[in-house]
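Chain residues, written in single-letter form:
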Amino acid sequence: MDLDLKDRTVLVTGGAKGIGEAVTRALAAEGALPVVVDRDREAGEALRTELDASGARSALVVADLMEPGACRRAVEEALGVTGRLDAVVNNAGVNDRVSLEEGTVEDFVRSLRRNLIHYFEIAQYALPALKETRGAIVNVSSKVAMTGQGGTSGYAASKGGILALTREWAVDLAPAGVRVNAVVPAEVMTPLYRQWLGTFPDPDEKLADIVRRVPLGRRMTTPEEIAAVVLFLLSPRSGHTTGQYLFADGGYVHLDRAIT
Ligand code: NAP
């Protein structure tokens, strides 16, 4: 299937590593122009150099989206690349474990800044351009929004908020022809996930314990499998799909526990 993404300019937050990197690579492979917004300069530059060398187009904006003014600058710089913006992938985030029992209100608010507020800011600054192109937004949430995890109130509130905003913005933007959808990953091997596994005394044992609970294939979802769903939702092939949550999780959230 031709996804018809060629020459489309797509802003990808957190696009230098993990799930975002897979989205960036998949967009580049489709002939789109991913604009990576990431605070990891080294990873972003290495990816851009590699894509350049392969003949693919991409751009990089180094920014920490938690900083004041960063989201506005990211959108302005993205618009400066081709003068248009066809889509936004809101993806950057960190499960920062601000808990109900031990986190302070300030920690909680900071977690919302880390995981939720920049989704709103990026969407708001990108809106005029997205209306012009009748574009799309894909928001990356997390299974934690549906299942909880324990000890991570700020992240859970953010990821739940992202799902609510996905539906809210789908309503807001339907008259303008802008579609808004969410992808909900559960267990995806990325640098962040690897780092988290490393906090356990026996990371391999922890990983084995997690994957045996994934109904489909008893394995992690790959970043490429998430990216494929993101690209479908960005593309005109999903032209009548809006306000939806796609769970690319091997059945982790919805299937009967009895089978695991
Ligand atoms: P990752 O491996 O850490 O990659 C994310 C990239 O985004 C990193 O380069 C990171 O930089 C960057 N980033 C994070 N916060 C940023 C900010 N405020 N400003 C600019 N760049 C920022 O993470 P991932 O596992 O791919 O996760 C991507 C998204 O998927 C997140 O929203 C996460 O909550 C969600 N998710 C992941 C999983 C999973 O199993 N991996 C499951 C459910 C949901 P640094 O390295 O400097 O932080």
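One structure accompanies this document, and this report is about it. For clarity, every value in this text was computed on a predicted model and none was experimentally measured. (Residues numbered from 1 in each chain as written. Predicted model: local features only at pLDDT ≥ 70, side-chain atom pairs only at ≥ 80, totals over all residues. Heavy atoms only, no water.)

1. Brief notes about the overall build of the protein chain
Alright, step 1. The number of helices and strands found in the protein chain is 9 helices and 7 strands.
Alright, step 2. The burial tally for the protein chain puts 49% of its 260 residues in the buried class.
Alright, step 3. Taking all contacts inside the protein chain whose residues are at least 6 apart in sequence as the whole, residues at least 24 apart take part in 74%.
Alright, step 4. Taking the average place of the 29 positive charges on the side chains of the protein chain and the average place of its 34 negative ones, the gap between the two points comes to 3 Å. (Helix = DSSP H or I, 4+ residues; strand = E, 2+ residues; numbered from the N terminus. Buried < 20%, exposed > 50% of the residue type's maximum accessible area, 1.4 Å probe, protein only. Contact = heavy atoms within 4.5 Å. Lys, Arg positive; Asp, Glu negative; His and termini not counted. Charge placed at Lys NZ, Arg CZ, Asp CG, Glu CD.)

2. Notes on the pairing of strand S4 (residues 87–90)
Alright, step 1. Taking every second residue as pointing to the same face, both faces of S4 are buried, with Ala87 and Val89 on one and Val88 and Asn90 on the other.
Alright, step 2. The pairing of strand S1 (residues 9–13) with S4 spans 3 bridges and is parallel. The partner of Val10 across the bridge, within S4, is Ala87.
Alright, step 3. The pairing of S4 with strand S5 (residues 136–140) spans 4 bridges and is classified as parallel. Within the sheet, the bridge partner assigned to Val88 lies in S5 and is Ile137. (Pairing = 2+ DSSP bridges.)

3. Re the site of the ligand
Alright, step 1. Near the ligand you find 27 residues, and of these Lys17, Asn91, Tyr155, Val188 and Thr190 are the closest.
Alright, step 2. Take Asp38: an N or O atom from its side chain is 2.9 Å from an oxygen atom of the ligand.
Alright, step 3. Between the ligand and the protein, one listed contact pairs an oxygen atom with a side-chain N or O atom of Tyr155 at 2.5 Å.
Alright, step 4. Ranked by residues supplied to the shell around the ligand, first place goes to helix H7 (residues 191–197) with 3 residues. (Near = heavy atom within 4 Å. Polar contact = N/O pair within 3.5 Å; in protein donor to acceptor, adjacent residues only side chain to side chain.)

4. Things to note about helix H6 (residues 153–173)
Alright, step 1. For H6, spanning 21 residues, the distance from its first C-alpha to its last is 29 Å, which sits close to the expected 30 Å at 1.5 Å a residue.
Alright, step 2. When we look at burial in H6, the residues that qualify are Gly154, Tyr155, Ser158, Lys159, Gly161, Ile162, Leu163, Thr166, Trp169, Ala170 and Leu173.
Alright, step 3. Contacts from the buried residues of H6 go to S4, helix H4 (105–133), S5, helix H5 (144–147), strand S6 (179–184) and strand S7 (245–247). (Expected span 1.5 Å × (residues − 1).)

5. Some details on the environment of Ser235
Alright, step 1. Here Ser235 lies in the loop between helix H9 (223–234) and S7.
Alright, step 2. On the basis of relative accessible area, Ser235 is assigned to the buried category, the value being 0%.
Alright, step 3. Distance in space between the C-alpha atoms of Ser235 and Ala157 is 29 Å, their sequence separation being 78 residues.
Alright, step 4. Leaving out residues up to four positions away in the same chain, Ser235 has contacts with Leu3, Leu5 and Arg179.

6. Structural notes on the side chain of Thr152
Alright, step 1. With respect to the helices and strands, the residue Thr152 is situated in the loop between H5 and H6.
Alright, step 2. Here Asn95 takes part through its side chain, which lies 2.6 Å from a polar atom of the side chain of Thr152.
Alright, step 3. For Thr152, the contacting residues outside a window of four places in its chain are Asn95, Asp96, Arg97, Val98, Ser99 and Val144.

7. Overview of the pattern of salt bridges
Alright, step 1. Overall, the coordinates contain 16 salt bridges when judged by the stated rule.
Alright, step 2. The salt bridge partner of Arg113 is Glu121, with a shortest N-O separation of 3.7 Å.
Alright, step 3. Given a relative accessible area of 33%, Arg113 falls into the partly exposed group.
Alright, step 4. Linking Asp209 and Arg212 is a salt bridge whose minimum nitrogen-to-oxygen distance equals 2.7 Å.
Alright, step 5. Residue Arg212 is classed as partly exposed on the basis of its relative accessible area, which comes to 41%. (Salt bridge = Lys/Arg side-chain N within 4 Å of Asp/Glu carboxyl O.)

8. A short note on the environment of Glu132
Alright, step 1. The topology assignment puts Glu132 in helix H4.
Alright, step 2. Glu132 sits in the exposed class, given a relative accessible area of 71%.
Alright, step 3. Placed 24 residues apart in sequence, Glu132 and Ala156 show a C-alpha to C-alpha distance of 33 Å.

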